[in-house]
Amino acid sequence: MEYEAARTAPPPTFPSLPDLPGGRYTDPEFMALEYAHLWRKSWLLAAHLDEIPEPGCFLLWENAGQPVVIVHSETGAINAFYNTCSHRGAPVVTEPKGKKLRLTCRYHGWTYNHEGRLLSVRDPEDFKDLDFSCRSLNPVRCETFGNLVFVNFDLEAPTLLDWLGPIADEWSEFRFDQCRLAARHSFTLDCNWKIAMEANTEVYHVKSIHPSTVAPILDDRRNVNTLYPNGHNRMVAPRPKGMTSTLAQTRGDLPEIATVGEIARTCTQSYGIFPNWVSPLSALAIPPLLFWPKGIDQCMLETWTFAPDWGDRPAPDQWTENQGEKLIQVLLEDTEFGAWIQKSVNSYGFKGVPLSYQEARIYYWHQSADQIIGPENIPESLRVPPVIGEDWIYPNDPRLDEL
Ligand code: FES
Ligand SMILES: [Fe+2]
């Protein structure tokens with residue numbers, strides 16, 4: 001942090017960043033590539049165990065554009081399937097959530113168990129050669145990290161722990177196995193999902209956008225960005241002495257995660273988990289923001305709050321007022337320019353995005369997106385050259401040599 005505060009230019013070994021092509025926010029071809037590769041091969045946060053607490057509980061989940069049902073099985077496992085009956089594709093559940101002993105398609109009554117196995121069909125004698133063992137529900141990869149449920153559409157994907165890499169260890173102090181779901185809400189924003197997410201992926205904007213909310217509690221000149229394998233990233237900036245976090249100011253009686261260490265207690269830190277999770281983590285709460293595309297120029301912002309058991313007190317919600325009625329002031333500030341920026345990037349006047357060293361996490365995100373899409377699949381005019389080398393990817397960090 002002192003290194004960052006003292007430097008008068010970007011570190012000498014940090015590359016100069018080419019402009020991001022504006023078409024990445026406007027071109028349907030790029031959105032199609034995102035769906036075909038990025039959303040298909042990444043681990044995506046879909047649910048919290050509190051939403052499916054008992055065997056038989058299920059949740060319908062369509063945030064990534066695919067119809068998915070997540071089931072808490074009788075065996076205790078958490079399973080995910082395409083919500084697509086193996087007969088003629090009717091849904092096996094139509095309610096957003098519920099509890100069922102069996103999943104029975106309402107079209108012709110084919111019935112599946114919580115492992116997706118086909119148990120019975122109506123009038124089986126009328127099918128010739130119907131092999132039940134080949135007609136299970138189609139599985140979606142599903143793994144948990146503590147109480148969080150992630151899905152992945154790629155059956156060949158690495159495990160969730162491999163995907164998170166060193167972050168899984170860094171997060172052990174937050175006890176995701178004990179955090180409860182305190183709040184989950186969603187809002188529609190009129191801009192490409194990356195524009196909305198990028199507003200939360202740098203601290204360069206803090207003095208302009210948040211002069212009275214964030215700026216007083218975050219020392220942006222001492223911010224340290226770290227880039228992890230697979231596109232993940234982190235920022236850590238100290239709070240000026242004597243300042244407590246916004247959440248602590250408003251909810252001073254909340255229980256704390258006792259195992260949380262010094263950094264999360266004295267700094268503002270935020271992790272970006274590729275592709276669409278941005279979240280501060282503190283001793284009081286883990287409140288991820290998730291960004292999902294809804295077409296090329298609209299997106300859904302999901303606001304979650306996980307927290308240690310709050311007992312009889314009202315459930316803490318880091319991001320909204322009146323149980324999801326309205327975003328809190330900080331997020332109103334962060335989302336203020338989304339629709340304006342979308343108009344700009346759609347205009348003839350938009351050329352590309354020049355990024356500073358402070359905005360390295362945004363560039364690294366795009367570079368990583370091209371990696372998962374496959375650069376050869378991307379039209380040259382939309383590609384982002386991978387100029388950030390391994391020397392800048394954790395655990396490597398040229399800044400350490402300069403100290
Ligand atoms: S489509 Fe499900 S039973 Fe026919
Ligand atoms: Fe912000």
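Refer to the structure above for everything that follows.
The present account deals with the structure reproduced in this document. (Residues numbered from 1 in each chain as written. Chains lettered and ligands numbered in written order. Predicted model: local features only at pLDDT ≥ 70, side-chain atom pairs only at ≥ 80, totals over all residues. Heavy atoms only, no water.)

### What about the overall build of the protein chain?
- Of regular secondary structure, the protein chain possesses 12 helices and 21 strands.
- Computed over the C-alpha atoms, the radius of gyration of the protein chain is 23 Å, within 12% of the 22 Å expected from 2.2 N^0.38 for a compact globule of 403 residues.
- Summarising its shape, the C-alpha atoms of the protein chain cover approximately 80 × 55 × 40 Å along the three principal directions.
- For the protein chain, with 403 residues in total, the buried portion stands at 53%. (Helix = DSSP H or I, 4+ residues; strand = E, 2+ residues; numbered from the N terminus. Rg over C-alpha atoms; globule rule 2.2 N^0.38 Å. Buried < 20%, exposed > 50% of the residue type's maximum accessible area, 1.4 Å probe, protein only.)

### Here we look at helix H10 (residues 338–346)
- Buried within H10 we find Gly338, Gln342 and Val345. For H10, the angular spread of buried residues about the axis comes to 65 degrees, placing them on one side. With respect to the buried face of H10, the exposed residues turned more than 90 degrees away are Trp340 and Lys343. (Arc of directions from axis to C-beta.)

### A few points about the sheet that holds strand S5 (residues 78–82)
- Taking strand neighbours across the sheet as the criterion, the 7 strands line up as S2-S11-S10-S5-S4-S3-S6 in an open arrangement whose pairing is antiparallel. Of all strands in the sheet, those bounded by a partner on one side alone are strand S2 (44–48) and strand S6 (97–99). Mean inter-strand twist for the sheet, computed between neighbouring axes without regard to direction, equals 25 degrees. (Pairing = 2+ DSSP bridges. Axes fitted to C-alpha atoms, helices over the stretch in contact; angles between N-to-C directions.)

### Structural notes on the packing of aromatic side chains
- Enumeration over the complete set of coordinates arrives at 20 aromatic pairs.
- Consider the rings of Trp61 and Trp292, whose centres lie 5.5 Å apart with planes at 75 degrees: the pair is edge-to-face. With a gap of 231 residues between them, Trp61 in strand S3 (residues 57–61) and Trp292 in strand S17 (residues 289–293) connect regions that are remote in the sequence.
- The class for Trp61 is buried, based on a relative accessible area of 2%.
- Relative accessible area serves as the criterion here: at 1%, Trp292 is assigned to the buried category. (Phe/Tyr/Trp six-rings, centres within 6.5 Å; stacked < 30°, edge-to-face > 60°.)

### Some remarks on the side chain of Thr320
- Locating Thr320 in the fold gives a position in strand S19 (residues 320–321).
- One polar contact links Thr320 to Asp317, side chain to side chain, over a distance of 2.5 Å.
- Of the polar contacts made by the side chain of Thr320, one reaches the backbone nitrogen of Gly324; its length is 2.8 Å.
- Among all residues touching Thr320, those that are not within four sequence positions of it are His185, Phe187, Thr303, Lys326, Leu327 and Ile328. (Polar contact = N/O pair within 3.5 Å; in protein donor to acceptor, adjacent residues only side chain to side chain. Contact = heavy atoms within 4.5 Å.)

### Brief notes about unusual backbone geometry
- Between Phe274 and the following residue, Pro275, the backbone shows a cis peptide bond with an omega angle of 5 degrees.
- Here Pro275 lies in the loop between strand S15 (267–273) and strand S16 (277–280).
- Following Tyr394, the chain continues into Pro395 via a peptide bond in cis, with omega recorded as 5 degrees.
- One non-glycine residue, Asp123, lies in positive phi territory at about 50 degrees.
- Position of Asp123 among the secondary structure elements: in the loop between strand S9 (118–120) and strand S10 (139–145).
- On the basis of relative accessibility, which here comes to 41%, the residue Asp123 falls in the partly exposed class.
- With a phi close to 60 degrees, Asp129 is a non-glycine residue in the positive phi region.

Limitation: the analysis is restricted to geometry and does not speak to function.
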